[in-house]
Amino acid sequence: MAVAILYLKESNTIHDFHDNIVVLNGNRLEYAGGYVEGWRDEEVGVIITEDLTLDMEIVVEKILNDDGEEIGNHTHRIYSMKDAAGNAYVVGDEVPEVVDIKDQYVYVDKMSQRIADLELMIAELIVL
């Protein structure tokens, strides 16, 4: 299953990540259950890889009153990406070295591509 990493180009740090990737169409990333869009290409890069898996850890924090008695608990979900060695990566970490398979998920408008190919062929014929 592929994981998409959105990272800040200037600092090379993880900004966001999602799994179950469906398609990357311009600056819109679609994944099972939702999408993220609208980032500025000059600021944010996208890597799609199968070298990492999404991981979720549930942490239960006890809530104490002023006397130190437990009065409840609060559950946190901590999301990370893990590599085969078990190293975890979270938002703010430096982007790990992974194989980028983004091209397999990029949406290509076939009609626009055909028009661009025809324009190129016409330009080449005019030059001849």
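Residues numbered from 1 in each chain as written. Predicted model: local features only at pLDDT ≥ 70, side-chain atom pairs only at ≥ 80, totals over all residues. Heavy atoms only, no water.

*Asks:* So what about the overall build of the protein chain? Which residues, and what values?
*Replies:* When you go through the protein chain residue by residue, the secondary structure sums to 1 helix and 9 strands. Along the protein chain, helices (α) and strands (β) appear in the sequence β-β-β-β-β-β-β-β-β-α when read from the amino end. Taking 2.2 N^0.38 as the reference for a compact globule, 128 residues should give roughly 14 Å; the C-alpha atoms of the protein chain span a radius of gyration of 21 Å, well beyond that estimate. Taking the average location of the 9 positive side-chain charges in the protein chain and that of its 27 negative ones, the two points are 6 Å from each other. (Helix = DSSP H or I, 4+ residues; strand = E, 2+ residues; numbered from the N terminus. Rg over C-alpha atoms; globule rule 2.2 N^0.38 Å. Lys, Arg positive; Asp, Glu negative; His and termini not counted. Charge placed at Lys NZ, Arg CZ, Asp CG, Glu CD.)

*Asks:* Help me get a handle on the sheet that holds strand E1 (residues 3-8), residues and values and all.
*Replies:* Strand order in this open sheet of 3 strands is E2-E1-E6, and the pairing throughout is antiparallel. The open sheet is flanked by strand E2 (13-19) and strand E6 (44-49), the only strands paired with a single partner. In this sheet, adjacent strand axes meet at a mean angle of 20° when their direction is disregarded. In the sheet, E1 pairs with E6 via 6 bridges, with the strands oriented antiparallel. Within E6, the residue paired with Leu-8 across the bridge is Val-44. (Pairing = 2+ DSSP bridges. Axes fitted to C-alpha atoms, helices over the stretch in contact; angles between N-to-C directions.)

*Asks:* Requested: an account of the sheet that holds strand E8 (residues 70-82), with residues and values cited.
*Replies:* The strand order across the open sheet built from 3 strands is E7-E8-E9, with neighbouring strands paired in antiparallel fashion. Among the strands making up the open sheet, the edge pair consists of strand E7 (53-64) and strand E9 (88-89).

*Asks:* Kindly report on the environment of Lys-9, identifying the contributing residues and their values.
*Replies:* The residue Lys-9 is located in the loop between E1 and E2 in this model. The spacing of Lys-9 and Met-56 is 47 residues in sequence and 26 Å in space, taken between C-alpha atoms. Filtering out sequence-adjacent residues up to four positions away, Lys-9 remains in contact with Asp-41, Glu-42, Glu-43, Val-44 and Gly-45. (Contact = heavy atoms within 4.5 Å.)

*Asks:* Please give an account of the packing of aromatic side chains that cites residues and values.
*Replies:* A full pass over the atoms with the stated rule returns 0 aromatic pairs. Over the aromatic face of Tyr-35 sits the side chain of Arg-28, whose NZ or CZ is 3.8 Å from the ring centroid. (Phe/Tyr/Trp six-rings, centres within 6.5 Å; stacked < 30°, edge-to-face > 60°. Lys NZ or Arg CZ within 6 Å of the ring centre and 35° of its normal.)

*Asks:* Just give me the short version of unusual backbone geometry, but keep the residues and values in it.
*Replies:* With the exception of glycine, the majority of residues adopt a negative phi angle, and the majority of peptide bonds are in the trans configuration. Of note in the backbone geometry, Asn-12 takes a positive phi value of approximately 55° without being a glycine. Take Asn-12: it is sitting in the loop between E1 and E2. For Asn-12, a relative accessible area of 31% gives the class partly exposed. A positive phi angle, near 55°, is found at Asn-20, a position not held by glycine. Looking at the element boundaries, Asn-20 is found in the loop between E2 and strand E3 (21-25). (Buried < 20%, exposed > 50% of the residue type's maximum accessible area, 1.4 Å probe, protein only.)

*Asks:* Give me the lowdown on the pairing of E8, citing residues and values where you can.
*Replies:* Where E7 meets E8, 12 bridges bridge the pair, whose relative direction is antiparallel. Each bridged residue has a counterpart across the sheet, and for Glu-61 the counterpart in E8 is His-74. Connecting E7 to the next strand, E8, in antiparallel fashion are 5 residues, including Gly-68 with a positive phi near 85°. As defined by bridge partners, E8 adjoins E9 across 2 bridges and the pair is classed as antiparallel. For Met-81, the partnering residue across the bridge sits in E9 and is Tyr-89. The turn linking E8 back onto E9 is made up of 5 residues, and Gly-86 within it adopts a positive phi angle of 90°.

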